[in-house]
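Here is what each chain is made of, one letter per residue.
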There are 2 protein chains.
Amino acid sequence: MKTDIEIAQSCRMKHIRDVAELAGVDEDYLEYYGKYKAKIDLKLLSDRAGAPDGKLVLVTAINPTPAGEGKTTTTVGLADGMRRLGKNTVVALREPSLGPVFGVKGGAAGGGYAQVVPMEDINLHFTGDFHAIGAANNLLAAMLDNHIQQGNELAVDVRRITWKRCVDMNDRQLRSIVCGLGGKANGMPREDGFDITVASEIMAVLCLADGLTDLKARLGRMVVGYTSTGAPVTAHDLKAEGAMAALLKDALKPNLVQTLEGTPAFIHGGPFANIAHGCNSVMATRVALKMGDYVITEAGFGADLGAEKFLDIKCRLAGLTPSAVVMVATVRALKHHGGCPKGALGTEDLAALERGLPNLLRHVENITAVYGLPCVVAINRFPTDTEAELRLVEDKCRSLGVNVALSEVWAKGGEGGMSLAREVVRLCETPGSFTCSYALDQPIERKLEQIVTRVYHGDGVDLTPAAKKQAAELTALGFGALPICMAKTQYSFSDDPSLLGAPEGFRVTVRSLKVSAGAGFIVALTGDIMTMPGLPKVPAAETVDVDENGRISGLF
Amino acid sequence: MKTDIEIAQSCRMKHIRDVAELAGVDEDYLEYYGKYKAKIDLKLLSDRAGAPDGKLVLVTAINPTPAGEGKTTTTVGLADGMRRLGKNTVVALREPSLGPVFGVKGGAAGGGYAQVVPMEDINLHFTGDFHAIGAANNLLAAMLDNHIQQGNELAVDVRRITWKRCVDMNDRQLRSIVCGLGGKANGMPREDGFDITVASEIMAVLCLADGLTDLKARLGRMVVGYTSTGAPVTAHDLKAEGAMAALLKDALKPNLVQTLEGTPAFIHGGPFANIAHGCNSVMATRVALKMGDYVITEAGFGADLGAEKFLDIKCRLAGLTPSAVVMVATVRALKHHGGCPKGALGTEDLAALERGLPNLLRHVENITAVYGLPCVVAINRFPTDTEAELRLVEDKCRSLGVNVALSEVWAKGGEGGMSLAREVVRLCETPGSFTCSYALDQPIERKLEQIVTRVYHGDGVDLTPAAKKQAAELTALGFGALPICMAKTQYSFSDDPSLLGAPEGFRVTVRSLKVSAGAGFIVALTGDIMTMPGLPKVPAAETVDVDENGRISGLF
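Values in this document were obtained by computation on a predicted structure and should not be read as measured data.

Undergrad: Hey, could you go over the pairing of strand β23 (residues 512-516) of chain A for me, with residue numbers and the actual values?
TA: All names here are of chain A. Bridging between β23 and strand β24 (residues 521-525) involves five bridges; their strand directions are antiparallel. By the bridge assignment, Ser512 is partnered in β24 with Leu525. If you look at the hairpin formed by β23 and β24, you'll find four residues sitting between the two strands, and Gly520 has a positive phi there, around 95°.

This is how it looks when you write it as structure tokens:
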């Protein structure tokens, strides 16, 4: 059996000019990065302001498990399936981070016969967006510490600096450091730490910005720390937003590539799905909606985090209305939710599967009942799935009036996505009545309460004394009307990763609240969220190689 | 008067395809990065292996002063002047680092009417080469610390780690840190520090590599630290070179841009000129020599560091033979060498000028007598220069039989470089007899002695006891036959920055020696070399901005 990279490398890619043409985009709007990647000039948006938008379809999933769900694979294969139905369809995905590529997870460009290509480029530097974000992030950090070194006119409290440096690498050694050592000429000693680049607020800012002017304004609003009297210090106070925006002016432009079957695919931006909102950029979604009659996009983690933020943050702030939602599940993952041990996932277990189904059904119910959107379950077929297992999921869904389709895109590409595609086309004609799960003009605690009770189906939320104090402070600083970005375990509806399936009777504890003023949301932390991963015992990097012709191997 | 960026932005650039065509390079070899930048496929070298090489002309300078010399400006304007003479000429320069761009120096793409464009792109991310180097550098660091964390099978002594992380930013706060804090899950506490990316050995490796296979071998040889028994630990021991080479496969390809007058210009690689060799990549020089009948290139700092390393390291290792050398000087800088205070440099001072001339003449003598190459002095005209001053320099040179030409490229572009161009064309017909200043198969101390006495004109070299011990260790480890890379102040022939002009009777002290085993040289440190700059009181970043159309201002 071929590996993902072997399949990707055996694909005969179209020139990106032809991919763009397929979606009616003239070469004038393209900035080439080689033959198979291009950035799109944002002028396309103003030039086509009067043209109608396509229909937006979100691909989300059940709570992730070690078994894997295949959300990106389904997104890509669904789009290829829609193309086979003759529908002008475009994909919009997030960019992968170098950290996981060299760590344990491998790349993030789909799998099997449903991938985006050139996968090596996409998984490595791509068009340099993440490097630009890292540079802007670290310029701000250098300007902040330089300000302190040069006299600290703004009276920044070095114990209350919230801005961290970043690298796009899994590097636990940098989680906690002391910097500014070595005497007076070498900075001010203080505690510090690095995040991985995708965790930088700039990533979220770039992905929510509505153009270069908005980007710069958001960058300026970012809080880097607090003064000795508790006033926020912003990037604007440091006169840093102009240089940062200059560093990001190309990164703001969406990247166009293609699927294995030549479907146009935007891969742009990749914020964390816990401390940030976990979706590709608003710019890419907007451009995609001008290019395709259908835009298939995805959100991070399961629907409780990914879809919730896609709908309550991204769609609300950008004024987007999705037409349908695809809920990806696998038999293996559902069995995991039903208590089946990891080693037994490849063996038929109808009882475990049935026990796991409530996880899927609760997510579907959220989409339809809470958000008022049409939804279809996509069963992403794995080779080990038995017919009886597949039938059980389909029957159960049908008996409850839940739309369901089998997706075989991993093995068959777009052809394996055609039945799902038909369902999606049908759903897009169904009128929805999109509403968010909470209104913005409520106290922070009330918004948290609504997410926990309506989306997670918990009994309520508890704030620690520290979080309560922070809620009051953030409200006093004028941040009270921002949406909430929940930083919670992705493995459970609750804040306890061991509560699989569809747990009930739990409460969620918010330990602290912080503002991402540039991104425009309040992050609610329900536990320790790792913003700098580490490498495993044998990093994936050890197997990556390149031959004398520049052909890369060992990426997966 | 227009600023550099205003001149650059008012230039009507040619499509890079047409620039390449001018040098006879087919579109098939181009990988576009937008319309005005391209990388060149290295296949061009094998496809043209039988074609003759052009003539290589080095532009170097007197010892740098705060007054500025204009080496890059002269290089660019000379090439444009040669084109005006009908000569197929190509430029090869180093890439600028983001650190100085946002710090105090501004960009590094020439000045006035002798610039390379698009200057904003070149000065910011360009084609991402430096980001790729940073990522490879930091991947290696993460793999090293992860190796220690996962059991330290190689028995790396955490007190003897020589590999630092890097960022492409002026950030003094990172010079000296303690990392790995926060307990067992977060690494091993140890002292550490960051360099600016251009100081990474990977930069030197990339610039000296002779292809992807050689690059990977060099990366594998890099020493990251020593074991408890003093044995070197390499990147190969950590199985890191494959992934690093994969990250660098595109960065190894030369970048093509153009001058304001449309002359093809390679801008590729930018190693430090003290701890490294300070020249653009061997790959860019090789490709340029296949494209142009003349290739104008430059080396960092003054000729004692830049030309010495260009000739003794780069040309020797890559088997290149330059045809001529241009020695850039300005009246202002010569007056500075003659003791004229900074505030008075704009006023005529023939006495100071005459006192400063020996600096220039000694550099010229080195090129002709030590290295056996034809040399011409280029007086880079500044608006404040008086006719009497210019005449003094010319007369003095002529009386000593030194070739000299006035260069007015800053004000007039290629037209101002035509008389220098005529001299260069003439010199390229003069037979040279290129030899290095020292042979490789001698003891390290003897090689140091020859550089100091023959190139610097000092009385001799002294090694500290520590340096003596290191020389013995490096020789025992098999590194004794490598060339020497002197890390010395750029401001003086000596190791004392206050000894201007042409000092005599001094000795040079080598404080420590370290091997850059991947680059393939031994670095001799004669003092504290700053490998991580800091930002000034008012960083240049504060004035950089971008408007809603993506137009950048405030770069200079």
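Additional details are given in the paragraphs that follow.
Undergrad: Any details on the nonpolar core? Residues and values, ideally.
TA: In summary, soluble globular proteins display a tendency toward joint burial of nonpolar side chains. With 396 residues, the main nonpolar core has Phe102 and Leu360 of chain A together with Phe102 and Leu360 of chain B as its most contacted residues. In contact with Phe102 of chain B, not counting residues within four places along its chain, are Leu139, Ala243 and Leu247 of chain A together with Leu124, Met169, Leu535, Pro539, Ala540, Ala541 and Val544 of chain B.

Undergrad: Break down the sheet that holds strand β7 (residues 156-161) of chain B for me, with residues and values.
TA: Residues and elements named next belong to chain B. The strand order across the open sheet formed by three strands is β7-β12-β13, and the pairing between neighbours is antiparallel. Either end of the sheet is taken by a strand with one partner, and the two such strands are β7 and β13 (232-234). Each adjacent strand pair in this sheet contributes to an overall mean axis angle of 50°, direction not counted. Here strand β12 (residues 223-227) runs beside β13; their pairing, made up of three bridges, is antiparallel. Each residue of the ladder has a partner; that of Tyr226, found in β13, is Pro232. Running over the sheet, helix α7 (residues 129-149) touches β7 and β12 and is turned about 130° from β7.

Undergrad: Quick rundown of the UniProt feature "binding site: ATP" (unreviewed entry) in chain A? Include the residues and the values.
TA: Residue and element names in this part refer to chain A. The feature "binding site: ATP" (unreviewed entry), as annotated in UniProt, sits at Thr65, Pro66, Ala67, Gly68, Glu69, Gly70, Lys71 and Thr72 in this numbering. Residue Thr65 is classed as buried on the basis of its relative accessible area of 8%. Once residues within four sequence positions are removed from consideration, Thr65 is found in contact with Ala333, His336 and His337. At a separation of 2.9 Å, a polar atom in the side chain of Thr65 contacts the side chain of Glu69. Positionally, Glu69 belongs in the loop between β3 (55-61) and α4 (71-84). When near neighbours in sequence (up to four residues on either side) are disregarded, Glu69 contacts Ile62, Asn63, Pro64, Val328, Thr330, Ala333 and Asn380.

Undergrad: So what's going on with helix α19 (residues 465-476) of chain B? Residues and values would help.
TA: All names here are of chain B. In a regular helix each residue adds 1.5 Å, so twelve residues correspond to 16 Å; α19 covers 17 Å between its end C-alpha atoms and thus fits that length. Residues of α19 that are buried include every one of Ala467, Ala471 and Leu474, and no others. Buried residues of α19, viewed axially, fall in a sector of 75°; they line one side. Exposed residues on α19 whose side chains face more than 90 degrees from its buried face are Pro465, Lys469 and Ala476. Buried-residue contacts for α19 involve α18 (444-456), β20 (460-463), β22 (507-510), β23 (512-516) and β24 (521-525). Among the residues trailing α19, Gly478 stands out with phi positive, at a value near 95°.

Undergrad: So, unusual backbone geometry: which residues are in play, and what are the values?
TA: All names here are of chain A. Here the residue pair Val117 and Pro118 is connected by a cis peptide bond, since its omega of 0° sits within 30 degrees of zero. The phi dihedral of Phe301 is positive, around 55°, even though this residue is not glycine. Turning to its location among the elements, Phe301 is positioned in the loop between β16 (294-298) and α12 (306-318). With relative accessibility at 26%, the residue Phe301 sits in the partly exposed group. Positive phi, normally seen in glycine, also occurs at His457, with a value near 65°. Tracing the chain through its elements places His457 in the loop between α18 (444-455) and β20 (460-463).

Definitions and limits used
Residues numbered from 1 in each chain as written. Chains lettered and ligands numbered in written order. Predicted model: local features only at pLDDT ≥ 70, side-chain atom pairs only at ≥ 80, totals over all residues. Heavy atoms only, no water. Pairing = 2+ DSSP bridges. Helix = DSSP H or I, 4+ residues; strand = E, 2+ residues; numbered from the N terminus. Core = buried A, V, L, I, M, F, W, Y, C linked by side-chain atoms within 4.5 Å. Buried < 20%, exposed > 50% of the residue type's maximum accessible area, 1.4 Å probe, protein only. Contact = heavy atoms within 4.5 Å. Axes fitted to C-alpha atoms, helices over the stretch in contact; angles between N-to-C directions. UniProt positions renumbered as here; feature names shortened; annotations may be inferred. Polar contact = N/O pair within 3.5 Å; in protein donor to acceptor, adjacent residues only side chain to side chain. Expected span 1.5 Å × (residues − 1). Arc of directions from axis to C-beta.

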